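# Descriptive structure summary
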Amino acid sequence: MVGGFTLAGAGERTADSVIEVVGEITGMSCGNGRGVFKKECVDLVRRIALLKHLLEEIRDSGPLDVLPSESSSSTTSLLWWNDLVVALQASKRLLAVACCYSSGDSSDEAAEKISFQFQCVMWKLEKALGNIPYDRFDISEEVQEQVVLARSQLKRATERYGSMNSRNFFHALSQPLEKEVSITNHEVKAKANHVPDTIDSECHDADQMMNKLERRFSSVSSEVCPSDDVVAEGQENSAIKSMAEIKKPDALIIPADFLCPISLELMRDPVIVATGQTYERSYIQRWIDCGNVTCPKTQQKLEHLTLTPNYVLRSLISQWCTMHNIEQPIGLANGKIKKSDGSFRDVSGDVVAIEALVRKLSSRSVEERRAAVAEIRSLSKRSTDNRIIIAEAGAIPVLVNLLTTDDVMTQEHAVTAILNLSIYENNKGLIMLAGAIPSIVQILRAGSMEARENAAATLFSLSLLDENKIIIGASGAIPALVDLLQNGSTRGRKDAATALFNLCIYMGNKGRAVRAGIISALLKMLTDSRNCMVDEALTILSVLASNPEAKIAIVKASTIPVLIDLLRTGLPRNKENAAAILLSLCKRDTENLACISRLGAVIPLTELTKSGTERAKRKATSLLEHLRKLPQLQQV
C-alpha cells in the first residue's frame, strides 16, 4: 500500500479512484471569492484537469499490474504511478487549504508556507509526469500533447516562483497538508489519505533535511526494488539531484524594497506614482488601464496618473544583482544594455529619444501620434536593443491603447510595432499583461488587410508560449484566423495558417478550429490548382487529425481521396504528411481503413515504404500493417 492505493493488483479500480480525485479537484470552487491564492488555485486546477484524458486512457489499457513491462517486478514498474498518485493527493490537500485562505486570516508565515507548498506540489507533478512510460500504454498522440503542455506549464510555474530559501523548500516538500492550518475565525482541515514516510518537522537544517530525504528514498528502495526513480546507494536519485541543485548554503533574500507590491517580484522598471509609492511599471500601468484611480498599497486617490521612473531604486537593484552575481532581470540599466559577451553598450542617447517618442504616443494630435507610432514601428524592426528600450520606456500599454483608434494608419503602425516588439521573448509577457489580445482579435476581424496580416503574425508570435495558446484560443481569434485563411491576401493566408497551426497544437483549440470551418478551408487549399499552400494545409491537418471532432469532419468532407492522390503525385514532404494524416484517421477505425483499401492506397503506400522519407516510411509501414489486419478486424 502506497499513498492509499494498492500497487499490486490495482487495476482499473485504482485508475478510477485517481480519476475521481481529479474530478474532485476540478470541482473545487477555487474561482469564487477573492482569496490570496485564488490565481494559484485556479491555475493548478486547470493544469490538473488536462490529465483527465490521460488517466482514462491508462484505465482503458487494462489492469496496471498486468501491463507489459521490461521489469520483472510489476511493483517496480508502478513507481511512476505511485509518484503521480501522491502528487495528486498533495494537490488536493493543498487546494482544500489554499482555496479558503484569505489575507486577514492568519500570519504572513502561514501564507508563506502555503506559497512554498504550491511550488512543491507543482514540482512533484512535473516530475511525476516526466516518468510516464507511454510505450506501455495505448496513449493517443493528442493526449500526449496535453501532458506535454501540462508539464511545461507546471515547470514554468515552478520556475516563476523564483529561488527559494532551501530550508523552507525542503520543509515544505516534506510536510503533508493533512495538518490543521489555523485560521483566525475558522479552521480548515484537509481531508485526504495520509502520505507515509514524511520527514520529521523538527529537522530544520538543510543538510539534515537532505539526509532525511535520501534516507526516505533509500527506504522506498528497500521496500520495492530499484528503478529509474530509486537508485542504489552512492548514486543520485533524479529527484534528489534536482533538489540539490536548488539547495544553496546561504540562500539570498531579496530586499523587500526591491519587490513590486503588486507582483511581489524583483522589479525590472520601478516607477513612482502620485502617492510616492513605487511599483513595477507594467503592473501599475495595467492597474491604471483597468480604470483604477487609487494607489494599490495605500488606497489613496491618485492626484495624477503620471509614472515617474525611479532611477535611484533601479540603480540600487542593479548594484545588488551585480554584488550577488545574479543575472539582472532587466535588459536595460543606467542607460546601458548588456551584450552577449558580458560587456555593456551605452544607449543613453537612444533611451532619451525613444522616451520622447513614447510621450508623443499620447499626444492629442492625431498627426503627431501617427508620426510617433510610425517611428516606433520602424525602430522596433531594426534591432533587439531597440525592442528592449521601447518596452522599458513603457510603450507597450500605450501601443495597445492605440489598437482601437479610428485612424487606420495609426492602427496599422501600432499592431505592427507590437508584432516587432513580441520578437523579443521578454516582451511577450508584457504584451499579454497589457491586455492586447482582444484588440488584436478585433483588428483581425475588421482591420485593413495589412493590419489583419500583422495581427495574425502577432498572434503566432505570442502563441509560442504554451499558456498563451489557451488564452488566444479562448479569445475568439480562431474564427477570425479561419476567415483570413479563406479570404485574405496571399501573405495574410500564410500568416493565418502559421498562427492556426501553432494554436492547434493545444488540444482545446482543435475543436474550436473545426467548428470555425477550418476543414473546408484546408480542403480547398489542397485542391487549389496553383498548389501554393498544400504544405501548410497538410501540416495543419496532421495536427488536427488525432482529434475526434476533426477526424469526423475530415472524413465527412471527402478528404481521404485527395490524400491518397497526394500519396501518388505529391512532393516527398506532402506524401509524408498525407500518410501521417491517413494513419491518424484509420487508427481504431475499420470503416476508414476499408475506405482507403477500396481507393487503392496499398500501391502508393508500398512505394512509399521504399522511396519515402524516414518518417513517411514509418507511417506507410504502419498503415500497411493495419490494412493487413483489416479482414480480422471486420470479423470481430
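Residues numbered from 1 in each chain as written. Predicted model: local features only at pLDDT ≥ 70, side-chain atom pairs only at ≥ 80, totals over all residues. Heavy atoms only, no water.

## Description of the overall build of the protein chain
Applicable threshold: Labels follow the DSSP assignment, with helices taken as runs of H or I lasting at least four residues and strands as runs of E lasting at least two, numbered in each case from the N terminus. Relative accessibility decides the category of a residue: with a 1.4 Å probe and only protein chains considered, values under 20% of the type maximum give buried, values over 50% give exposed, and everything between is partly exposed. Between two residues, a contact is recorded if the distance between any of their heavy atoms is within 4.5 Å. Here, Shrake-Rupley sampling with a 1.4 Å probe gives the accessible areas, and only protein chains in the shown set may cover a residue.
Broken down by element type, the protein chain carries 33 helices and eight strands. Among the 636 residues that make up the protein chain, the fraction classed as buried is 50%. Here the contacts in the protein chain between residues at least 6 apart in sequence split such that 68% fall between residues at least 24 apart. Total accessible area on the protein chain is roughly 30000 Å²; 50% of this is exposed by carbon and sulfur atoms.

## Some thoughts on unusual backbone geometry
One non-glycine residue with positive phi stands out, namely Gln 299, at about 65°. In this fold, Gln 299 is placed in the loop between helix H11 (281-289) and strand S5 (308-309). A positive phi angle is found at Arg 588, which is not glycine, with a value near 55°. Its location among the elements puts Arg 588 in the loop between helix H29 (572-586) and helix H30 (590-598). For Arg 588, a relative accessible area of 61% translates into the label exposed.

## Focus on the sheet that holds strand S4 (residues 278-280)
Which entries qualify depends on this criterion: By the convention used here, strands pair only if DSSP detects at least 2 bridges between them.
In spatial order, the strands read S4-S3-S5; together these three strands make up an open sheet with antiparallel pairing. At either margin of the open sheet sits one strand with a lone partner, and together these are S4 and S5. Here strand S3 (residues 270-272) runs beside S5; their pairing, made up of two bridges, is antiparallel. In the sheet register, Val 271 faces S5, and the bridge partner there is Pro 309.

## Description of H11
Considered for burial, the residues of H11 that qualify are Arg 281, Ser 282, Ile 284, Gln 285 and Ile 288. Residues of H11 that are buried sit in contact with S3, S4, S5, helix H15 (384-392), helix H16 (395-402) and helix H18 (425-433). Phi turns positive one or two residues past the end of H11, at Gly 291, with a value near 100°.

## Points about the environment of Leu 627
Mapping Leu 627 onto the fold places it in helix H32 (residues 614-628). Using a relative accessible area of 11% as the deciding quantity, one classes Leu 627 as buried. A sequence separation of 37 residues divides Leu 627 from Thr 590, and the C-alpha atoms of the two residues are 9.1 Å apart. The residues touching Leu 627, leaving out its near neighbours within four places in the chain, are Leu 593, Ile 596, Ser 597, Val 602 and Leu 605.

## Brief notes about the side chain of Arg 387
For the record, the criterion: When charges are counted, Lys and Arg contribute as positive and Asp and Glu as negative, whereas His and the chain ends are disregarded. Only one rule defines a salt bridge in this text: a Lys or Arg side-chain nitrogen within 4 Å of an Asp or Glu carboxyl oxygen.
Among the secondary structure elements, Arg 387 is positioned in helix H15. Within the buried core, Arg 387 has no salt-bridge partner, and the shortest N-O distance to an opposite charge, that of Asp 385, equals 8.6 Å. Sequence-distant contacts of Arg 387, that is, excluding residues within four places in its chain, are made with Ser 380, Lys 381, Asn 420, Leu 421, Ile 423, Tyr 424 and Asn 427.

## Details of the packing of helix H17 (residues 408-422) against H18
Under the convention used in this document: What counts as an axis is a line fitted to C-alpha atoms, over the stretch in contact for a helix, and the angles between N-to-C directions run from 0 to 180 degrees. With respect to orientation, any angle under 35 degrees is reported as roughly parallel, any angle over 145 as roughly antiparallel, any angle of 65 to 115 as roughly perpendicular, and every other angle as oblique.
At a minimum axis distance of 7 Å, the contact between H17 and H18 shows a crossing angle of 135°. As summarised for this structure, H17 and H18 are arranged oblique, according to the angle between their axes. Across the interface between the two elements, Ile 418, Leu 421 and Ser 422 from H17 touch Asn 427, Lys 428 and Ile 431 from H18.

## Remarks on the side chain of Thr 278
Threshold: Counting of polar contacts relies on pairs of N or O atoms within 3.5 Å, with two restrictions inside protein: one atom must be capable of donating a hydrogen and the other of accepting it, and residues adjacent in sequence are counted only when both atoms are side-chain atoms.
Within the secondary structure layout, Thr 278 lies in strand S4. Polar side-chain contacts of Thr 278 include one of 3.1 Å to the side chain of Asn 310. Setting aside residues no more than four positions away along its own chain, Thr 278 makes contact with Pro 261, Met 267, Pro 270, Val 271, Ile 272, Asn 310 and Leu 313.

## A short note on the nonpolar core
Under the convention used in this document: To define a nonpolar core, start from buried Ala, Val, Leu, Ile, Met, Phe, Trp, Tyr and Cys residues and group those joined through side-chain atoms within 4.5 Å.
Judged by nonpolar contacts, the single largest core of 104 residues is most densely connected at Leu 361, Leu 399, Leu 481, Leu 485, Ile 518, Leu 522 and Ile 596. Membership of the second largest hydrophobic core comes to 48 residues, among which are Ile 25, Leu 95, Val 121 and Ala 128.

## Describing the packing of H16 against H17
Note the threshold: By convention the crossing between two helices is left-handed if the near helix lies anticlockwise of the far one by an angle smaller than a right angle, and right-handed if it lies clockwise. Gly is put with the polar residues, along with every residue not named as nonpolar or charged; the nonpolar set is Ala, Val, Leu, Ile, Met, Phe, Trp, Tyr, Cys and Pro, and the charged set is Asp, Glu, Lys and Arg.
Two elements in contact, H16 and H17, have axes whose closest approach is 8 Å; the angle formed by their N-to-C orientations is 140°. H17 is crossed by H16, and the crossing has left-handed handedness. Between H16 and H17, the residues in contact are Ile 396, Leu 399, Val 400 and Leu 402 and Thr 410, Gln 411, Ala 414, Ala 417, Ile 418 and Leu 421, respectively. A breakdown of the residues in the contact of H16 with H17 according to their chemical character gives eight nonpolar, two polar and no charged.

## A look at the confidence of the model for the protein chain
Quick note on the threshold: Summary of the metric used: pLDDT quantifies the predictor's per-residue confidence within the range 0 to 100.
Mean pLDDT over the protein chain stands at 75; residues scoring 70 or higher make up 75%. Strand S2 (residues 187-188) is the least confidently modelled element of the protein chain, averaging 28 in pLDDT, while H17 averages 95, the highest of any element. Low pLDDT, under 50, characterises residues 65-76; the stretch is placed with 24 contacts to residues that sit more than four places away or in other chains. Scored below 50 in pLDDT, residues 162-250 makes 134 contacts in the model with residues more than four places away or belonging to other chains.

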